[in-house]
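What follows is each chain in one-letter form.
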Amino acid sequence: MNILETHHIVKQYAEHRALNDVSLSVPKGSIFGLLGPNGAGKTSLIRIINQITGPDSGDVILDGERLKPDHIKRIGYLPEERGLYKKMKVGEQLLYLAQLKGLSEKQAMEKLKIWFIKFDIKTWWGKNVEDLSKGMQQKVQFVATVMHEPDLIILDEPFSGFDPINANLIKDEILELRDKGKTIIFSTHRMESVEELCDHIALIHKSKKVLDGTKQSIKEQFKTHTYHVEYQGTLSDLPPAFTVLETRPADDHFLRANIQIPPDAAVNDLIRHLLDRVAVRSFGENIPSMNDIFIRAVGDHND
Ligand SMILES: Nc1ncnc2c1ncn2[C@@H]1O[C@H](COP(=O)(O)OP(=O)(O)OP(=O)(O)O)[C@@H](O)[C@H]1O
């Protein structure tokens, strides 16, 4: 079941087509990474999902229904350009924002109390937003994004500006929200967070979707059939099907080689040949990182 689908979205700004026939399916309960180089069209798509702007053509479906104004209460959006009212007090502002999202003042107070205890920020309630640091403001804005318990949470670069402790806190919150059945779409250029958190990804490049699927299926698609081995001895006379791409010292005592096998070859055969020749300390598949995949996918579509 998909919480969100976009069907053939086109968005044109004067001379520039920011989105060109972009269709996405975001499964309920997933952490979905919306990736792409600068200027690819990610923010344009996010703004359409949040009804800040409309598409020129195409449809957005939220939980089986065509997007409508009332859906805004079911979505929480943390924009990359953070936007709290600087002169307003933190508590007053959150109460106001919660009511815009459909909570009564009493409900908002109850929810906010929990978040202020959880984040250990009780003393911030009466402070002016402008007196908080950038990271502190970001924490407040994260609370503003999730306090009404939306089904779909869209986070644009959620970790920027956070120290490692607060970044971890936010990461744990994202996982907890997912465990409660919420869906999180997050857009980021930090591939290590995608690696760690996302189960699905879509990659937009030059206004078009060039890749999507589960992280596992995408890794499978980009695998290079290359294995690494750390060993002692001389690695010679391997059958010609096994290509030694690189050999270098792993440390003072061991060498490390990368070996490519044909896509239809059995890994067991390689292991057997290795054991016949050298003393193996470790062996494993070289799984492409999200960083490698991003660079290759964007490179492949640059012509
Ligand atoms: N309001 C606008 N008017 C004109 N052009 C726009 C507008 N908003 C975005 N664009 C253009 O559309 C393209 C896509 O921009 P968008 O902000 O969606 O990219 P992005 O993928 O979010 O990039 P980044 O990773 O840098 O945030 C860019 O070329 C941008 O200049």
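Bear in mind that the values here come from a model prediction, so they are computed numbers and not experimental data. (Residues numbered from 1 in each chain as written. Predicted model: local features only at pLDDT ≥ 70, side-chain atom pairs only at ≥ 80, totals over all residues. Heavy atoms only, no water.)

Draft legend 1. Representation of the packing of aromatic side chains in the model. One pass over the full model with this rule turns up seven aromatic pairs. Their ring planes at 75 degrees and their centres at 5.3 Å tell us that W115 and F119 sit as a pair that is edge-to-face. On the basis of relative accessible area, F119 is assigned to the buried category, the value being 3%. Measuring from ring centre to ring centre gives 6.3 Å for W115 and F142, while their planes differ by 80 degrees; the resulting arrangement is edge-to-face. With W115 in helix α3 (residues 105–118) and F142 in helix α4 (residues 134–146), this residue pair connects regions lying 27 residues apart in the sequence. Residue F142 is classed as buried on the basis of its relative accessible area of 1%. A network of ring pairs unites the aromatic residues W115, F119 and F142 as a single cluster. If you follow K139 out to its NZ or CZ, it ends over the ring of F119, 5.7 Å from the centre. (Phe/Tyr/Trp six-rings, centres within 6.5 Å; stacked < 30°, edge-to-face > 60°. Buried < 20%, exposed > 50% of the residue type's maximum accessible area, 1.4 Å probe, protein only. Helix = DSSP H or I, 4+ residues; strand = E, 2+ residues; numbered from the N terminus. Lys NZ or Arg CZ within 6 Å of the ring centre and 35° of its normal.)

Draft legend 2. Inspection of the UniProt feature "domain: ABC transporter" (unreviewed entry) in the protein at higher detail. In the numbering used here, UniProt assigns the feature "domain: ABC transporter" (unreviewed entry) to residues 4–231. Taken end to end, residues 4–231 comprises 33% helix and 30% strand; its first and last C-alpha atoms sit 49 Å apart. (UniProt positions renumbered as here; feature names shortened; annotations may be inferred.)

Draft legend 3. Seen up close, the pairing of strand β8 (residues 183–187). Of all five residues that make up β8, five are buried, and the element is covered over most of its length. In β8, alternate side chains face the same way, and those of T183, I185 and S187 on one face and I184 and F186 on the other are all buried. Direction of pairing for strand β3 (residues 31–35) relative to β8: parallel, over a ladder of four bridges. What sits directly across from F32, in β8, is I185. Where strand β7 (residues 152–156) lies against β8, five bridges are found, and the strand directions are parallel. Following the sheet pairing, I154 is matched in β8 by I185. (Pairing = 2+ DSSP bridges.)

Draft legend 4. Molecular detail of helix α5 (residues 164–179). Between the first and last C-alpha of α5 there are 22 Å, a value that for 16 residues agrees with the 22 Å anticipated at 1.5 Å per step. Of all the positions in α5, only N166, A167, I170, K171, E173, I174 and L177 are classed as buried. Viewed along the axis of α5, the buried residues span an arc of 160 degrees, placing them on a single side of the element. Away from its buried face by more than 90 degrees, α5 exposes P164, I165 and D179. Elements that come into contact with the buried residues of α5 comprise β3, α3, α4, β7, β8 and α6 (191–197). Regarding α5, its N-cap is D163, as a side-chain oxygen of that residue lies 2.8 Å from the backbone nitrogen of I165 further along. A positive phi of about 100 degrees marks G181, the residue just after α5. (Expected span 1.5 Å × (residues − 1). Arc of directions from axis to C-beta. Contact = heavy atoms within 4.5 Å. Polar contact = N/O pair within 3.5 Å; in protein donor to acceptor, adjacent residues only side chain to side chain.)

Draft legend 5. Molecular detail of the site of the ligand. Close to the ligand lie 13 residues, the nearest being G39, G41, K42, T43 and S44. Within the backbone of G41, one N or O atom sits 2.9 Å away from an oxygen atom of the ligand. Take S44: an N or O atom from its side chain is 2.7 Å from an oxygen atom of the ligand. For the ligand, the accessible surface in isolation is 640 Å², of which the surrounding protein chains cover 59%. Of all the secondary-structure elements, those providing two or more residues to the shell around the ligand are β2 (16–27) and α1 (42–49). In terms of residue count, α1 provides more of the shell around the ligand than any other element does, three residues in total. Broken down by class, the residue content of the shell around the ligand amounts to four nonpolar, seven polar and two charged. (Near = heavy atom within 4 Å. Areas by Shrake-Rupley, 256 points an atom, 1.4 Å probe, with all protein chains shown as cover. Nonpolar A, V, L, I, M, F, W, Y, C, P; charged D, E, K, R; others polar.)

Draft legend 6. Expanded view of unusual backbone geometry. If you check the backbone angles, Q51 has positive phi at about 60 degrees while not being a glycine. Note on placement: Q51 falls in the loop between α1 and β4 (57–62). On the accessibility criterion, Q51 (31% relative accessible area) is partly exposed. Of note, E149 is a non-glycine position whose phi angle comes to about 55 degrees, a positive value. By secondary structure assignment, the location of E149 is in the loop between α4 and β7.

Draft legend 7. Examining the sheet that holds strand β12 (residues 243–249) more closely. What the four strands build is an open sheet, ordered β12-β13-β11-β14; its pairing is antiparallel. Across the chains shown, the open sheet's two edge strands, defined by having one partner strand only, are β12 and β14 (279–285). When the angles between neighbouring strand axes are averaged without regard to direction, this sheet yields 20 degrees. Two strands pair when backbone bridges link them, and β12 and strand β13 (residues 255–260) are joined in this way by six bridges, in the antiparallel orientation. Note that in β13 the partner of T247 across the bridge is A257. Against the sheet, helix α8 (residues 267–277) contacts β11 (226–232), β13 and β14, and its axis sits at roughly 160 degrees relative to β14. (Axes fitted to C-alpha atoms, helices over the stretch in contact; angles between N-to-C directions.)

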